[in-house]
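Reading the structure
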Amino acid sequence: MEKRRYVEECMQSTFKTFGYREIQTPMFETLELFTAKSGDAVIDEIYSFSDKGGRNLALRPELTAPVMRFYVDKLQMEPKPLKLFYFGNCFRYDRPQKGRYREFKQAGCELIGTDTPIAYAELIAMAYTILEKVGLKNMKLNIGNLSVLSSMFDVLKLPKDKQKYLIPLIDKSQFEDVLSALHNFGIKKEDADDFLDVLQTSDIKKISNYVKGERKAKEELSNLEKIIGLLETSFNVKNYQLKISIVRGLDYYKGIVFEIEAPSLGAEKQLCGGGAYELISMFGGRESPTAGFAIGFDRTIVALEAEEYQFPTPKIDVYVIPVNEDMTSKALEIVQKLRNQNISTDIDLLKRGIGKSIKYASSIDAEKVIIIGPKELEQDSMTVRDMKSGEQKLVNINDYPPSSQRI
Ligand code: AMP
């Protein structure tokens, strides 16, 4: 929990420095909230149940739909843009494996009311900055666009059912299988080769040439260029790649999409996924642009551990040792005085000898040990030992803590 709290506080403060405000939604929702966007097939992937009133409910598998429900219910009148962040446990009926759990935590955000290139650049930069600030060294940021991918399908005049077949293959980068599927669909070899070539390029001009007849794609690509420009020049995020094969479920997202991976994680390497999407009108609200992302919190910890990140170790400021029972009440008085000044303080509760107590104090990383003995107490004094240097000093009780440590 110390590692997790440290990472959570760090993420939280980065969200706040980008002007986001925290919200929380319930752990369970109506099942319909999740089937509305993804269809009944999603039921297999979530924990759902009916309650005593016969209502169909689900433990949330993610937080975007709940946040959008909350927005439509309560926040539509708030001034835009609305910048919301959250931490929350999610539940998926997945096969558990390393980095894939049935209960896991997400840190995420939703940006409501703007779709400008600067808004998207800021969103992507924030995801990257959050992971950078928690201390991750090795990350890969991939940026794609689903409107562009959709236009690429249109160039081949592929009907929706065939697109649906290809999407999971593209998602898993199984490009050989995409190629053979295209042949089976009766697409000419050179057209299929061209499609595959563009799918795997990060050259925006090449993509632009391929979809040149498609107005929407041209507009999206021009915005993508602006976003990338801003990321590089204004947000100092240079370590990205254009990857038009990012899919993330076409029925949900639309337009820009992005993912951040940690190669150190192996098979389950995706740390963050996000993009622009449309849900508000489905929940009965007035349409407004929306985008967001979710970071896998548990995977972030696993990735930091894989990189041998040195998490700050917990410390205690002061450990107090009364040398005998008569000293207890004076010792407790000092302990409480220090605690009231926000100095973390512990006291020997086992009546151990001084030697053993000092050993214990060292094991809990105490910075100072205070020894309260009768002789010293006669002069209103106590012994303060610096645990790093081993140096001991006689200090007047009223002079401790020194003013530099007082809060
Ligand atoms: P998604 O909502 O599927 O886009 O997931 C966002 C992030 O949550 C992913 O990039 C993962 O880091 C994390 N994640 C998703 N599913 C799981 C899971 N079953 N266990 C742990 N982390 C997960």
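Residues numbered from 1 in each chain as written. Predicted model: local features only at pLDDT ≥ 70, side-chain atom pairs only at ≥ 80, totals over all residues. Heavy atoms only, no water.

**Considerations on the pattern of salt bridges**
Inspection of every chain in the model, using the stated rule, returns 20 salt bridges. Residues R55 and D51 are paired through a salt bridge, measuring 2.9 Å at the closest nitrogen-oxygen approach. According to the relative accessible area criterion, R55 is exposed, its value standing at 51%. Overall, the relative accessible area of 23% leaves D51 in the partly exposed class. Overlapping salt bridges, with partners in common, bring together D94, R100, E268 and R299 in one network. (Salt bridge = Lys/Arg side-chain N within 4 Å of Asp/Glu carboxyl O. Buried < 20%, exposed > 50% of the residue type's maximum accessible area, 1.4 Å probe, protein only.)

**A closer look at the nonpolar core**
Within the largest apolar cluster, 109 residues are counted, with the highest numbers of intra-cluster contacts made by M11, F15, L182, F195 and F293. If we skip the residues at most four places from it in the chain, F15 touches Y20, F85, F87, A107, G108, C109, M126, I130 and F293. Counting 16 residues, the second largest nonpolar core, distinct from the first, contains A331, L338, V384 and Y400. (Core = buried A, V, L, I, M, F, W, Y, C linked by side-chain atoms within 4.5 Å. Contact = heavy atoms within 4.5 Å.)

**A few points about the sheet that holds strand β3 (residues 48-50)**
Taken in spatial order, the three strands of this open sheet run β2-β4-β3, and their pairing is antiparallel. Every interior strand has two partners, whereas the edge strands, β2 (28-30) and β3, have only one. When strand polarity is set aside, the average angle formed by the axes of neighbouring strands in this sheet is 35 degrees. When β2 meets strand β4 (residues 56-59), the two strands line up antiparallel, connected through three bridges. Bridging from a neighbouring strand, F28 pairs with L59 of β4. Sheet strands in contact with helix α2 (residues 31-38) are β2, β3 and β4, and its direction is about 65 degrees off that of β2. (Pairing = 2+ DSSP bridges. Helix = DSSP H or I, 4+ residues; strand = E, 2+ residues; numbered from the N terminus. Axes fitted to C-alpha atoms, helices over the stretch in contact; angles between N-to-C directions.)

**With respect to the domain arrangement of the chain**
Here the domain parsing of the chain yields domain 1 (2-139 + 262-306) and domain 2 (316-405). A separation of 46 Å is found between the C-alpha centroids of domain 1 and domain 2. (Domains from an automatic or database assignment.)

**Description of a nonpolar patch on the surface**
A contiguous nonpolar surface patch, about 280 Å² in accessible area, is contributed by M27, F28 and F49. In this fold, F49 is placed in strand β3. For F49, a relative accessible area of 34% gives the class partly exposed. (Patch = residues over 30% accessible without salt bridge, like charges linked within 9 Å, V, L, I, M, F, W, Y side chains within 5 Å. Areas by Shrake-Rupley, 256 points an atom, 1.4 Å probe, with all protein chains shown as cover.)

**A short note on the pairing of strand β14 (residues 366-372)**
Remember that side chains alternate between the two faces of the sheet whenever the strand is regular. Among the seven residues in β14, six count as buried, and that is most of the element. Here six bridges tie strand β12 (residues 316-322) to β14, and the two strands are oriented parallel to one another. Considered in β14, the bridge of I316 is made with A366. The sheet contact formed by β14 and strand β15 (residues 381-386) spans four bridges and is antiparallel. Counted as the bridge partner of I371 is T383 from β15.

**A short note on the sheet that holds strand β11 (residues 290-296)**
Read from one edge to the other, the open sheet built from eight strands follows the order β1-β5-β6-β11-β10-β9-β7-β8, with strand pairing classed as mixed. Since the sheet does not close on itself, it has two edges, and those belong to β1 (21-22) and β8 (240-242), each with one partner.

**Overview of the packing of helix α5 (residues 146-155) against helix α10 (residues 215-233)**
Running from N to C, α5 and α10 cross one another at 145 degrees; their axes reach a closest spacing of 9 Å. Taken as a pair, α5 and α10 cross one another with a handedness that is left-handed. Where α5 abuts α10, its residues S147, V148 and S151 lie against K216, A217, E220 and L221. For the contact of α5 with α10, the per-class residue count stands at three nonpolar, two polar and two charged. (Left-handed = near helix turned anticlockwise from the far one by under 90°. Nonpolar A, V, L, I, M, F, W, Y, C, P; charged D, E, K, R; others polar.)

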